[in-house]
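The chain contents come next:
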Amino acid sequence: MVGRRAVLIGAAAALAAPRLARARAGIEARDVLGNRLALPAPPERIVLLDATDLISMAALIPEPGARLAGWASVPRLDLGRADWLAPAGLPVVGKLSPDTVSAEGILALSPDLVVASAYMLPPGGSVLEGVLRAAGIPLAWTGGHDLALPPGETLERTMGFWGAVLEQPGAARDLAASGRARLAAVRAAAAASGSRPRTYMEIMSTYDTCCWAAGHAFWGGLFGLAGGQLLEGSEGWGAKLGPEGLIAFDPEVYIATGGSFAPELQPGIAPGLDPDQGRAGLVRAAARPALKDSTATRRGRVHGIWSGLATAPLMAPVLAECLGRWLHPETGAGLDPGRTLAALNARFARPLPGPLWLSLDEA
């Protein structure tokens, strides 16, 4: 392992000299961690280690794929039938975990910027980080499971970064300001309600297992804003709990996470899918032994989201408005995630179709 690391860093250093020689006055940006990046020019060969960053890019430029050289963790994007958003033929440099990312594959693409999430590249001295720095390749972070920032701050920092990188600072500021306004509306609805309903947020909803509960570090800020008492699975993203714990918690609201892959295993909730089939999946998920007699199921307070609402920072205000309506039906009645999504869709070259969320108590 040590020998391979030395070879990689040596090869990276050899690549760095011509890259640094080309440097000239360019643009500056700060990533979500606050790191300052000085880029010699607007990057034209970006590698995304977290494919969900494509959503932020697509809201700022009409053809984000033209600026990409490769990417990783493509299944996390989970576009359903909105596959036109994903650039065709992009080289894949990794799968769904940090250990699958190929340093050799990235170097072979000669990127002028690598953008990661804390999930796909934990910051703090990994081999890959060392290789990229030795090659003189700028590296930035835009989010991830372990960055415990409030949703509004994550949104503002992420869009500020992409606004600078893609030379669209005004549009990025507008998007961040609009998102913050929607988050404030959700916070106000929760405060007016004064209640904190017990909520089971399931981060990986499958029909044959239970119970992957959302953890505090990533989800706590969002549910604190939306006024829900979260069943916390861990201090991180989440953890698998025993059914007995969920039965004892007796959630008043159940929120599943669905997607377009493996429809036989999870609710089918993703862009362009059939909402009736998605609702049938929610019925099936709520019928599992740990949930079938819960207050949430008996009262029909069963909901589901597309995974992209949780993984793309730009979608956080949409998710927050969904939570506000579901957790506080009276004071949150004026919240309108559909209107917020429509405003975002107006930024995309082609809109994201529904269903991005579903409920058993709403047609």
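In every chain, residue numbers begin from 1 and rise along the written sequence. Totals for whole chains, interfaces and linings use every residue, but because this is a predicted model, local features are given only for residues with pLDDT of at least 70 and side-chain atom pairs only at 80 or more, for both listing and counting. Side-chain numbers here rest on the full set of heavy atoms in the structure, without hydrogens or water.

Participant: Explanation requested: the overall build of the chain in the structure shown.
Facilitator: Helix and strand definitions here come from DSSP, where helices need a minimum of 4 consecutive H or I residues and strands a minimum of 2 consecutive E residues; each element is numbered from the N-terminal end. Helix and strand content of the chain: 13 helices and 14 strands. The principal-axis extent of the C-alpha atoms belonging to the chain is close to 65 × 45 × 35 Å. Relative accessibility thresholds used throughout: buried, under 20% of the residue-type maximum; exposed, over 50%; partly exposed, between the two (1.4 Å probe, protein chains only). Looking at the chain as a whole, 53% of its 363 residues qualify as buried. Between two residues, a contact is recorded if the distance between any of their heavy atoms is within 4.5 Å. Considering only contacts in the chain between residues 6 or more positions apart, those separated by 24 or more positions represent 67%.

Participant: Looking at this structure, I do not really get the pairing of strand β4 (residues 68–72). What am I missing?
Facilitator: Two faces, one strand: in a regular strand the side chains alternate between the faces of the sheet. Burial of β4 is extensive: five of the five residues sit out of reach of the surface. By the criterion used throughout, a crossover qualifies as right-handed when its path from the first strand across the helix to the second strand runs clockwise, the strands pointing away from the viewer. In terms of handedness, the path from strand β3 (residues 46–48) via helix α2 (residues 53–58) over to β4 forms a crossover that is right-handed. For two strands to pair, DSSP has to find at least two bridges joining them. Sheet topology places β4 next to strand β5 (residues 92–94); two bridges connect them, and they run parallel. Considered in β5, the bridge of W71 is made with V92.

Participant: I'm lost on the packing of aromatic side chains in this one. Help?
Facilitator: To describe a pair of aromatic rings, you give the distance between the ring centres and the angle between the ring planes. We call Phe, Tyr and Trp rings a pair once their centres come within 6.5 Å, taking the six-membered ring for Trp, and we label the pair stacked below 30 degrees between planes, edge-to-face above 60, and tilted otherwise. In total, this model carries four aromatic pairs according to the counting rule given. Where Y200 meets Y254, the ring centres are 5.6 Å apart and the plane angle is 15 degrees; that geometry is what we call stacked. In this pair, Y200 is assigned in strand β8 (residues 198–201) and Y254 in strand β12 (residues 253–258), connecting sequence segments 54 residues apart. Aromatic side chains F218 and W219 sit 5.2 Å apart centroid to centroid with 75 degrees between the ring planes, which places their arrangement in the edge-to-face category. Pairwise contacts between aromatic rings join F218, W219 and F223 into one cluster. Here, a charge over a ring means that NZ of Lys or CZ of Arg falls within 6 Å of the ring centre while also lying within 35 degrees of the ring normal. Of note, R350 hangs over the ring of W84, and the distance from its end group to the ring centre comes to 4.1 Å.

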